[in-house]
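# Summary of structural features
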Amino acid sequence: PETGVCVGCNVSSDCQDPSHPFCDAGTNTCVQCLTDTECNNGNVCDGIETCSNNVCHAGIVLGCDDGNPCTQDSCQAVGGCTHTDAGEAHGASCESVTDSALCPFPDDSFRLINLQNPTLNASGNLVQNDFLLNATNPGQAYYNVFHSGAPGSAFNLQIDIPWPFITQGDRPIQVHDATGPVGVTMGDGACFAPTAALDGYTITTAAGNLSNSGNPVILRSDYPAQNLGSTTPVYVSGTVPASGLVYVTVHLNYGLKTTTGWQQALDLTTLQGPDTNLDGTLDGLGGGVIYIKGGTPANLNGQDYTFGFSNGSSFTSTVYSFNAFKKNAGVNGLTLNLKGSPRPGVTLQFWGPSGNLLATTISDGDGFYSFPYKHVGKEATYTVKLPDFGRQAAVKLKANGYGLAVFDNVPSVDGTDASTTNWTKTKSLTNTAP
């Protein structure tokens, strides 16, 4: 016998090279394998190895991704794929609140952006401590519900949405069967990627309101009380798809956006109101005065909103808002993208009545900008321009007055989210009684 490929071997013991330990009686040569059995490494995770032409070939790696973010997927050499509950999941079911890109909220929190909105009340007095709750950062949200069950089995889900969230879009509540070709695990910081929406499921809401195309929606009027702590249900039923996972997405927006009459409380962080008729009495939205707490989740002063669903077991997630007060300083406003989220980094110019450029600034991380300016004399028209987008807004200022210009649907730099409609909201106010 010789090492390497041996000529003239009669039995495998004649083959001394570990890489060719078997004797092929037909050719009297030492080879790598004779049958598939010699290639089996005892690990099912890397597939079934085969022998072809006396050479071992690797198997196909076993895919253990079940498309369910509620499970931690792994593979055992002997047992194969295993799927165990991840994080707070139970029975391979779980839920999560995300932003409009289906990515986790930073620190489970979002900002309420409040613009100072000095307004004349019925008595002709200017209410300086009056705010417009104009936007949130991030702008929209999704509630993601994952129910695991045997394929073909019936399910009934109740999904509870907290006030003041309303649905966004014409078909805001959809059913999917996975998070896409590459699953993500709950809590790993990744974003979800729903597969195409499925038909054949029954979706209803408590109030029964429908979009223009007949799909269930949630309006602010659906809530039994117009106050924090109130919830409204969504019901989803049908049979579990072949994937074994029912993935429900509920596209949401903050239902108090663009409401006015809010006051900054004495603690300077809490939003209270609204005082809709500016008579000095906070009259709420039909359910009493509303106090939206300030601060952050870290010091437990943020306002909490608890989402939940039940499928026999109960699941909840809580996110928090905190208030950002933007004070007027002459002329200011917001730059927002298509989804109502702040569009930071936008260049703005402030032009005087005679066509002279007075100042240039860039919107901040909340999409906020301001031009500190004190107008004197008779009322005059100033202009705020977005030179990179060819847009502008006229703002009329009286002596010592305030101006507000909010630019919606500001596209991204590359124009990928450009809108066919450009909206601009302007308002001019004076800080002295007429």
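Just so you know, these numbers come straight off a predicted model, no measurement behind them. (Residues numbered from 1 in each chain as written. Predicted model: local features only at pLDDT ≥ 70, side-chain atom pairs only at ≥ 80, totals over all residues. Heavy atoms only, no water.)

### Regarding the overall build of the chain
- Check the secondary structure of the chain and you find zero helices and 31 strands.
- Residue pairs at least 24 apart in sequence account for 60% of intrachain contacts in the chain once pairs closer than 6 positions are excluded.
- Working note: accessible area of the chain is about 19800 Å², and carbon and sulfur atoms make up 52% of it. (Helix = DSSP H or I, 4+ residues; strand = E, 2+ residues; numbered from the N terminus. Contact = heavy atoms within 4.5 Å. Areas by Shrake-Rupley, 256 points an atom, 1.4 Å probe, with all protein chains shown as cover.)

### What to know about unusual backbone geometry
- Looking along the chain, the bond that leaves Asn-137 and enters Pro-138 is cis, with omega of 0°.
- Its place among the elements puts Pro-138 in the loop between strand 11 (131-137) and strand 12 (140-148).
- A positive phi angle is found at Leu-102, which is not glycine, with a value near 60°.
- Summarising the element assignment, Leu-102 is placed in the loop between strand 7 (94-99) and strand 8 (109-116).
- Despite not being glycine, Asn-409 shows a phi value in the positive range, around 55°.
- Mapped onto the secondary structure, Asn-409 falls in the loop between strand 30 (401-407) and strand 31 (424-430).

### As for the pattern of salt bridges
- In the structure shown here, the tally under the stated rule is five salt bridges.
- Note that Arg-111 is salt-bridged to Asp-366, the shortest N-O span being 2.4 Å. With Arg-111 in strand 8 and Asp-366 in the loop between strand 26 (357-362) and strand 27 (368-371), this residue pair connects regions lying 255 residues apart in the sequence.
- Here Asp-366 falls in the buried class, since its relative accessible area comes to 4%.
- Residue Lys-326 pairs with Asp-364 through a salt bridge whose shortest N-O separation is 3.5 Å. Here Lys-326, found in strand 23 (residues 314-326), pairs with Asp-364, found in the loop between strand 26 and strand 27; they are 38 residues apart in sequence, far enough to count as distant.
- For Asp-364, a relative accessible area of 30% gives the class partly exposed. (Salt bridge = Lys/Arg side-chain N within 4 Å of Asp/Glu carboxyl O. Buried < 20%, exposed > 50% of the residue type's maximum accessible area, 1.4 Å probe, protein only.)

### Regarding the sheet that holds strand 16 (residues 202-205)
- With mixed pairing, the ten strands of this open sheet are ordered in space as 16-17-13-22-23-8-11-19-20-21. Either end of the sheet is taken by a strand with one partner, and the two such strands are strand 16 and strand 21 (290-292). Strand-to-strand, the axes of this sheet are offset by a mean angle of 30°, without reference to chain direction.
- As paired elements, strand 8 and strand 11 share six bridges and run antiparallel to each other. Considered in strand 11, the bridge of Ile-113 is made with Ala-135. (Pairing = 2+ DSSP bridges. Axes fitted to C-alpha atoms, helices over the stretch in contact; angles between N-to-C directions.)

### Remarks on the nonpolar core
- Ranked by internal contacts, the top residues of the largest apolar core, which has 41 residues, are Tyr-143, Ile-161, Val-248 and Ile-292.
- Here the element with the most residues in this core is strand 18 (residues 245-254); it accounts for five residues.
- Beyond its immediate sequence surroundings of up to four residues, Val-248 is in contact with Tyr-143, Asn-144, Val-145, Leu-157, Ile-159, Ile-173, Gln-174, Val-175 and Val-236.
- If you look at the next biggest cluster of nonpolar residues, it comprises 16 residues, including Val-346, Leu-348, Phe-350 and Tyr-382. (Core = buried A, V, L, I, M, F, W, Y, C linked by side-chain atoms within 4.5 Å.)

### Quick word on the confidence of the model for the chain
- Taken over all residues, the pLDDT of the chain has a mean of 86, while the share at 70 or more is 86%.
- Contacts from residues 1-6, a stretch scored under 50 in pLDDT, to residues over four places away or in other chains number 14 contacts.
- In the predicted structure, residues 418-422 sits below a pLDDT of 50 and forms seven contacts with residues beyond four places in sequence or in another chain. (pLDDT = per-residue confidence, 0-100.)

### Considering the state of the cysteines
- Counted according to the given criterion, the structure contains eight disulfides.
- One disulfide in the model links Cys-15 with Cys-30; its S-S distance is 1.9 Å. Because the torsion about its S-S bond is -90°, the bridge between Cys-15 and Cys-30 counts as left-handed. Pair noted here: Cys-15 is in the segment before strand 1 (22-24) and Cys-30 is in strand 2 (residues 29-31), with a separation of 15 residues, a long-range link. (Disulfide = S-S within 2.5 Å.)

### As for the packing of aromatic side chains
- Summed over the entire model, instances satisfying the criterion amount to 20 aromatic pairs.
- Plain terms: the ring middles of Phe-350 and Phe-371 are 5.2 Å apart, the flat faces sit at 15° to each other, and that makes the pair stacked. Taken together, the residues Phe-350 in strand 25 (residues 347-351) and Phe-371 in strand 27 connect sequence positions 21 residues apart. Taken as a pair, Phe-350 and Phe-371 share a single burial class, namely buried.
- Judged by relative accessible area, which is 1%, Phe-350 ranks as buried.
- Three or more aromatic residues joined by ring pairs make a cluster, and in this case those are Phe-105, Phe-110, Tyr-143, Phe-165, Tyr-254, Tyr-305 and Phe-307.
- Lying over the aromatic face of Trp-351, Lys-385 brings its terminal NZ or CZ to 4.3 Å of the ring centre. (Phe/Tyr/Trp six-rings, centres within 6.5 Å; stacked < 30°, edge-to-face > 60°. Lys NZ or Arg CZ within 6 Å of the ring centre and 35° of its normal.)

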